Amino acid sequence: MAGKLISAVFGVLAVCFLLLPLVVILPLAFTSSQFLIYPIPSFSLRWFEELFTTPVWRDSIVNSLIIGAGTTILATVLGVLAALGLREKLNFISAPLNTVFLLPMVVPAVVLGVGMQILYAKLGLSSSYAGIIIAHTVIAIPLVIVSVANSLQGMDTRLELAAASLGAGPAATLRHVTLPLAFPGIMTGAVLAFAVSLDEVVLNIFLAGPGQRTLARQMFATLRDSISPAIAAAAFLFIAGTVLLTLLVLLARRRFSGAR
Amino acid sequence: MVDYHIRLDGVTKTFGALRVVDNLRLDIVRGEFLSLLGPSGSGKTTILMMLAGFQDATEGTIYVDGHMINDIPSHRRNMGVVFQSYALFPHMTVAQNVAFPLKMRGVGRAEIDARVNRALDMVQLAALSERRPAQLSGGQQQRVALARALVFEPGVVLMDEPLGALDKQLREQMQLDIRELHGRLGLTIVFVTHDQSEALTMSDRIAVFNKGLIEQIDTPRMIYDHPATRFVAEFIGETNLMEGEIAGREGGEALIRLDSGGMLRVRDRAEFDAGRRVLATVRPEKVELSEAPAAINSIPVAVTDSIYQGDHLRVQLQGPGQRLVARRDRRAAEWTPGAKINATFAPEDCWVIVP
């Protein structure tokens, strides 16, 4: 009984610790005040209006969406291919290759940023959308690989043998059997890739020019010079977007498992 | 002339130093139901995997209809495969599963529908065509797998312990269903199992495997009544084995001097000369029990246990130097443990093999 009480109290505290920062910042998005402070004098949508009308903010939102979309597509395609390839226990290369693919998860972003800055200068990719998308893809790929590999691991390999025996060549088996069954993992990987791209600041500082300033980067910059409630509004957008995406994935997974 | 549908010629499969299948020669007759029977690790499943094209033969050649198929990939072999784990596609309905091989072959929509319906009717599942595999019982799933493997009318169907995951009653029903389908459709079926009674029930011929080699290949009747080796005699059904040597011949029967003392008169096999070490085998249901000794083949025994098994009585016996077992009709005397009686059998019920 006491044990149950303790774990309940601990659980509530943990949830508070995770959610309080959000609860604190979110109402400020609707303040009418010039400053990021409590109490809120009255509610207004002026900071959202500012977000969508001021060129700096609006461009940063658009940039985030462009770069996020590009990263999601690139990282998902490459990650799925890598996960499929790494499944084959071909030879002694597979295991080391797996480690290499997952390395960007543990390498500090600062280190990656410095390295890429030097490389990009030589390749002429500095301050370009392509450069940022590639950089974000590098850190997003491991997440896609892990979630897709997870899906593939849970799959009965005999399903693919069965497909072959029924007349499906390798391409048809991939299209009709393997990919549909890996779909939940692919969806999860794609959302994670988008979230990572949205959230990335360090690589952007090193690699992006003013033309590729993203929402996260803009929030970071704004924090330093003017603490405007526009940051809270941006944070609100961020959180709303993330929750929406998560719900989308949950829905897709539910539909899929309901289909089972 | 026998019409060989499939021929394996010197087929060997090795995994590292392990020879799972060793220089196998096997002809499979068109339209026959051939069981590959053996304990796990005897190479029977590996043979099926090579036939289906899931694994390559290390050496040797596989022919179908006289054409070598070693280099033909699975999806062009046109063989139906039924797995123990069913291997139904979980994201498709029953109807979509059965339609899959037809779709892969570019069959038109209307014809697909007609053939899927016919295949599902055949396995009595037409009512469940819109269900997903997870909503079906194990037996229903296996029937869907069967319909899926038959709907594209392959000449050969390969089955890898397809009934292994089902409970006993359902398994026996499915055995009869598959046997009936085989007779009706005239298919060549290669059926892997480790269940000897399943093999006896279903097969035209049984190939008994041990350590990558065929110990014996013959009809169920010959395999049971005339096992070629000790392994076959012990693997198929239960048997009593008595060691001895050929002492001579008399009146078309061979005489065996048992190591435990006593003489047996058995069905003669000309290939065994006098002095040859042999094993005399008698099936438990051929052993008669009586209080008085019989004129021939009479072994004095003591009853150690008498077990009621519903349709028969299993009597455990201790003879001179060895144990015996008899299956008796339960209406006969209920032999009580400790009773001193005699076990006997007819010469023609005793089959002699080399040890």
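Above: the structure in question.
Now for a quick tour of the structure. (Residues numbered from 1 in each chain as written. Chains lettered and ligands numbered in written order. Predicted model: local features only at pLDDT ≥ 70, side-chain atom pairs only at ≥ 80, totals over all residues. Heavy atoms only, no water.)

**Comments concerning unusual backbone geometry**
Residues and elements named next belong to chain B.
Consideration 1: A positive phi angle, near 70°, is found at Tyr86, a position not held by glycine.
Consideration 2: Assignment of secondary structure puts Tyr86 in the loop between β6 (79-82) and α2 (94-104).
Consideration 3: The phi dihedral of Ala87 is positive, around 55°, even though this residue is not glycine.
Consideration 4: Relative to the helices and strands, Ala87 is located in the loop between β6 and α2. (Helix = DSSP H or I, 4+ residues; strand = E, 2+ residues; numbered from the N terminus.)

**Overview of the sheet that holds strand β3 (residues 33-37) of chain B**
Residues and elements named next belong to chain B.
Consideration 1: Taken together, the 6 strands give an open sheet; going across it, the order is β6-β7-β8-β3-β9-β10, and neighbouring strands pair in mixed fashion. The open sheet has two edge strands, β6 and β10 (213-218), and neither has a second partner. Across the sheet, the axes of successive neighbouring strands diverge by a mean angle of 15°, strand direction being ignored.
Consideration 2: In the sheet, β6 pairs with strand β7 (residues 156-160) via 4 bridges, with the strands oriented parallel. The residue of β7 that forms the bridge with Gly80 is Val157.
Consideration 3: Strands β6 and β7 of the sheet are contacted by helix α4 (residues 138-150), whose axis makes an angle of about 170° with β6. (Pairing = 2+ DSSP bridges. Axes fitted to C-alpha atoms, helices over the stretch in contact; angles between N-to-C directions. Contact = heavy atoms within 4.5 Å.)

**Topic: the packing of helix α2 (residues 46-53) of chain A against helix α3 (residues 55-87) of chain A**
Residue and element names in this part refer to chain A.
Consideration 1: Relative orientation of the contacting elements α2 and α3 amounts to 70°, with a least axis distance of 5 Å. As far as their axial angle goes, α3 and α2 are roughly perpendicular. For the pair formed by α2 and α3, the contact residues are Glu50, Leu51, Phe52 and Thr53 on the first element and Pro55, Trp57, Arg58 and Ile61 on the second.
Consideration 2: Its residues assigned to classes, the contact of α2 with α3 comprises 5 nonpolar, 1 polar and 2 charged. (Parallel < 35°, antiparallel > 145°, perpendicular 65-115°, else oblique. Nonpolar A, V, L, I, M, F, W, Y, C, P; charged D, E, K, R; others polar.)

**A closer look at the side chain of Glu161 of chain B**
All names here are of chain B.
Consideration 1: Of note, Glu161 is situated in the loop between β7 and α5 (168-185).
Consideration 2: Overall, Glu161 belongs to the buried group, its relative accessible area being 11%.
Consideration 3: There is a polar contact of 2.8 Å between the side chain of Glu161 and the side chain of His194.
Consideration 4: Glu161 has contacts with Lys44, Gln84, Val192, Thr193 and His194, leaving out every residue within four places of it along the chain. (Buried < 20%, exposed > 50% of the residue type's maximum accessible area, 1.4 Å probe, protein only. Polar contact = N/O pair within 3.5 Å; in protein donor to acceptor, adjacent residues only side chain to side chain.)

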